[in-house]
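# Fold and geometry: a report
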Amino acid sequence: DGGITQSPKYLFRKEGQNVTLSCEQNLNHDAMYWYRQDPGQGLRLIYYSQIVNDFQKGDIAEGYSVSREKKESFPLTVTSAQKNPTAFYLCASSLGDPGQLLSGANVLTFGAGSRLTVL
Amino acid sequence: AQSVTQLGSHVSVSEGALVLLRCNYSSSVPPYLFWYVQYPNQGLQLLLKYTSAATLVKGINGFEAEFKKSETSFHLTKPSAHMSDAAEYFCAVSAFGDSNYQLIWGAGTKLIIKP
């Protein structure tokens, strides 16, 4: 079955460490996204990518980095510069470009998420 | 600027009762509206979407939502709640023409089903 695989599901990090969250999709979707979810808040966009080797900052990109070397993969690195990294991280993808997403022509498909806790 | 307000961070209903989850939006242009559901420790999945066709939109699992422009609302309903409906529900809005490619999300409403 096609879908999005995020790993690890749970991750613990000491302060000052960088960690990388994996996101792989086999849906042949063009666009991929990273969202952060905190209790009582809506999803906030960290980064998105429309095509390989290209990505754009979202609302809360500071302290995060991404790469898009392959269409299927969009890993997120949470760096030590991120002040409050404890959160639930969701990867998503969509067919076509994000503009089509806004028009409702396509929708987001989400992974099951990765929960990061800083000790 | 667009925004989304979901009234009530928690809504509790009895099994078999009507489910009503409220979503109000603000947008300077005609919006597209979405409801997503999130089961515990899982990603979100689309319930339904409004894209300027019929104002009453039917989704999966017996849910539906009605777009009311005069009230700037897109409330989610289900006639009879089932235990499996217990989850968190998110309303989101987008407006074509914005420079940023993203949806604006509500804070979510956790639906609790009492036996």
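Here the structure is shown first, and the text comes after it.
Residues numbered from 1 in each chain as written. Chains lettered and ligands numbered in written order. Predicted model: local features only at pLDDT ≥ 70, side-chain atom pairs only at ≥ 80, totals over all residues. Heavy atoms only, no water.

## So, unusual backbone geometry
Residue S7(A) is joined to P8(A) through a cis peptide bond whose omega torsion reads -5 degrees. Tracing the chain through its elements places P8(A) in the loop between β1 (4–7) and β2 (10–13). Notably, N53(A) is not glycine yet its phi reads approximately 65 degrees, a positive angle. With respect to the helices and strands, N53(A) occurs in the loop between β5 (44–51) and β6 (54–57). When its relative accessible area of 62% is taken as the criterion, N53(A) is described as exposed. Positive phi, close to 60 degrees, is recorded for N61(B), a residue that is not glycine. You can see N61(B) is positioned in the loop between β6 (56–58) and β7 (64–68). (Helix = DSSP H or I, 4+ residues; strand = E, 2+ residues; numbered from the N terminus. Buried < 20%, exposed > 50% of the residue type's maximum accessible area, 1.4 Å probe, protein only.)

## Some words on the interface of chain B and chain A
Every contact between the two is made by 21 residues of chain B and, on the other side, 27 residues of chain A. A buried area of about 2,000 Å², summed over both sides, lies between chain B and chain A, and 58% of it is on carbon and sulfur atoms. Where chain B touches chain A, the interface holds zero salt bridges. Summed over the shared surface of chain B and chain A, the number is three residue pairs in polar contact (both at pLDDT 80 or more). Contributions of two or more residues to the side of chain B that touches chain A are made by β4 (32–38), β5 (44–50) and β9 (87–94) of chain B. Considering each element in turn, the side of chain B that touches chain A owes the most residues, four residues, to β4(B). Of the residues that constitute the side of chain B that touches chain A, the class distribution is 11 nonpolar, nine polar and one charged. (Contact = heavy atoms within 4.5 Å. Buried area = accessible area lost by both parts, 1.4 Å probe. Salt bridge = Lys/Arg side-chain N within 4 Å of Asp/Glu carboxyl O. Polar contact = N/O pair within 3.5 Å; in protein donor to acceptor, adjacent residues only side chain to side chain. Nonpolar A, V, L, I, M, F, W, Y, C, P; charged D, E, K, R; others polar.)

## Considerations on the side chain of S73(A)
Residue and element names in this part refer to chain A. Residue position: S73 is located in the loop between β7 (64–66) and β8 (76–78). Assessed through its relative accessible area of 12%, S73 is described here as buried. Polar side-chain contacts of S73 include one of 3.0 Å to the side chain of E24. With sequence-adjacent residues up to four places away left out, S73 is seen in contact with C23, E24, M32, S67 and R68.

## Details of the packing of aromatic side chains
Tallied over the full model, the rule gives 13 aromatic pairs over all chains. Each ring, one from Y35(A) and one from W105(B), has its centre 6.0 Å from the other, and the planes form 80 degrees; the classification is edge-to-face. Here Y35(A), found in strand β4 (residues 31–37), pairs with W105(B), found in strand β10 (residues 104–105), and the two come from separate chains. Here Y50(B) and F74(B) contribute two aromatic rings whose centre-to-centre distance is 6.3 Å and whose plane-to-plane angle is 50 degrees, an arrangement assigned as tilted. You can see Y50(B) sitting in strand β5 and its partner F74(B) sitting in strand β8 (residues 73–78), a full 24 residues away along the chain. Owing to a relative accessible area of 8%, Y50(B) belongs among the buried residues under this scheme. Residue F74(B) is classed as buried on the basis of its relative accessible area of 0%. The structure contains a cluster of three or more aromatic residues connected by ring pairs, namely Y33(A), Y35(A), Y48(A), F110(A), Y36(B) and W105(B). (Phe/Tyr/Trp six-rings, centres within 6.5 Å; stacked < 30°, edge-to-face > 60°.)

## What to know about the pairing of β7(B)
All names here are of chain B. Where burial is concerned, the two faces of β7 differ: the one with A65 and F67 is buried and the one with E64, E66 and K68 is not. Where β6 and β7 come together, three bridges link them in antiparallel fashion. Across the sheet, V57 pairs through a bridge with A65, a residue of β7. What sits between the antiparallel neighbours β6 and β7 is a turn of five residues, in which N61 has the positive phi angle 60 degrees. Bridge analysis of β7 against β8 gives five bridges, and the strand direction is antiparallel. Note that in β8 the partner of K68 across the bridge is S73. Taken together, β7 and the strand that follows it, β8, pair antiparallel across an intervening segment of four residues, in which T72 is found at a positive phi of about 45 degrees. (Pairing = 2+ DSSP bridges.)

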